[in-house]
Amino acid sequence: MDKAWLIRNVCAGFCCFYKPEKDEELACKGFLVLEDLTLRQDAIAANDREKLLRDDTMNDLYGMLCKTCPFFVDGCDFAAERRGEGTKSARQVSMPCGGILFLGVCLERGSIDIKALNGVI
Ligand code: SF4
Ligand code: SF4
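The notes below deal with the structure included here.

Conventions we followed
- Residues numbered from 1 in each chain as written.
- Chains lettered and ligands numbered in written order.
- Predicted model: local features only at pLDDT ≥ 70, side-chain atom pairs only at ≥ 80, totals over all residues.
- Helix = DSSP H or I, 4+ residues; strand = E, 2+ residues; numbered from the N terminus.
- Rg over C-alpha atoms; globule rule 2.2 N^0.38 Å.
- Buried ≥ 20, exposed ≤ 12 C-beta atoms within 10 Å, placed from the backbone.
- Near = placed C-beta within 6 Å.
- Nonpolar A, V, L, I, M, F, W, Y, C, P; charged D, E, K, R; others polar.
- Arc of directions from axis to C-beta.
- Core = buried A, V, L, I, M, F, W, Y, C linked by C-beta atoms within 7 Å.
- Contact = placed C-beta atoms within 7 Å.
- Axes fitted to C-alpha atoms, helices over the stretch in contact; angles between N-to-C directions.
- Parallel < 35°, antiparallel > 145°, perpendicular 65-115°, else oblique.
- Left-handed = near helix turned anticlockwise from the far one by under 90°.

**Thoughts on the overall build of the chain**
Then, in step 1: Looking only at helices and strands, the chain has six helices and zero strands in total.
Then, in step 2: The helix and strand sequence of the chain, counted from the amino end, reads α-α-α-α-α-α.
Then, in step 3: Here the C-alpha radius of gyration of the chain, 14 Å, is about what a compact globule of 121 residues would show, namely 14 Å.
Then, in step 4: Principal-axis analysis of the C-alpha atoms gives the chain an extent of 40 × 35 × 25 Å.
Then, in step 5: Counting only residues that meet the buried cut, the chain has 27% of its 121 residues in that class.

**Looking at the site of ligand 2**
Then, in step 1: Lining the immediate surroundings of ligand 2 are 15 residues, of which Cys66, Cys69, Cys76, Pro96 and Cys97 lie closest.
Then, in step 2: Listed by contribution, the elements that provide at least two residues to the shell around ligand 2 are helix H2 (29-36), helix H4 (77-82) and helix H5 (98-109).
Then, in step 3: Within the shell around ligand 2, the residues separate by chemical class into 12 nonpolar, two polar and one charged.

**Section: the site of ligand 1**
Then, in step 1: Near ligand 1 there are 13 residues, and of these Cys11, Cys15, Cys28, Cys97 and Gly98 occur at the shortest range.
Then, in step 2: Contributions of two or more residues to the shell around ligand 1 are made by helix H1 (3-14), H2 and H5.
Then, in step 3: Its residues assigned to classes, the shell around ligand 1 comprises nine nonpolar, three polar and one charged.

**Section: H1**
Residues lying three or four places apart along an α-helix face the same way, a consequence of the helix completing one turn every 3.6 residues.
Then, in step 1: Among all positions of H1, only Leu6, Val10, Cys11 and Phe14 are buried. For H1, the angular spread of the buried residues around the axis is 105 degrees, confining them to a single face. Structural note: H1 exposes Ala4, Trp5, Arg8 and Ala12 on the side pointing more than 90 degrees away from its buried face.

**Some remarks on the nonpolar core**
Then, in step 1: Grouped together as the largest cluster of nonpolar side chains are 27 residues, with contacts concentrated most on Val10, Leu34, Phe102, Leu103 and Cys106.
Then, in step 2: Listed by contribution, the elements that provide at least two residues to this core are H1, H2, helix H3 (55-65) and H5.
Then, in step 3: Per-element accounting of this core gives the leading share, seven residues, to H5.
Then, in step 4: Cys106 has contacts with Leu39, Ala43, Ile44, Ser111 and Ile112, leaving out every residue within four places of it along the chain.

**Examining the packing of H2 against H5**
Then, in step 1: Packing of H2 against H5 brings their axes to within 6 Å, and their N-to-C directions diverge by 50 degrees. The angle between H2 and H5 places the two elements in the oblique class. By crossing handedness, the relation of H2 to H5 is classed as left-handed. Contacts between H2 and H5 pair Lys29, Gly30, Phe31, Val33 and Leu34 from the former with Gly99, Ile100, Phe102 and Leu103 from the latter.
Then, in step 2: Here the contact of H2 with H5 is composed, by residue class, of six nonpolar, two polar and one charged.

**Here's the deal with the environment of Glu85**
Then, in step 1: Structurally, the position occupied by Glu85 is in the loop between H4 and H5.
Then, in step 2: Owing to 9 C-beta atoms within 10 Å, Glu85 belongs among the exposed residues under this scheme.
Then, in step 3: Linking Glu85 and Pro70, residues 15 residues apart in sequence, is a C-alpha distance of 18 Å.

Written out as structure tokens, the structure is:
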């Protein structure tokens, strides 16, 4: 998928780590996988960014993507918490990156299936 479209819709639209003034050299695994996928650009509605993903979707994506993400070891509180290295209090839960959230919404809407996702990992 087109990089500029992904930055506008995934980074700016879904990601709490996005800083428009910063030209990031590293991209998360979710973003890298989306670059290799072909997906209809209208597959997501604007209000989907508020959607909470199901636990099974989150677990699948963590298992498939996070361990090979450039931010897995250093730079992602969500991954650290999943490894049992809590950085926040028990009542606070860190958000994953926009790439994971966007892919999760696509999976739950049926815009993409696990097979297609596995094919680009
Ligand atoms: S972490 Fe991923 S989704 Fe978030 S700004 Fe970086 S590349 Fe975009
Ligand atoms: S949630 Fe963290 S480790 Fe997983 S793909 Fe996103 S940035 Fe990488």
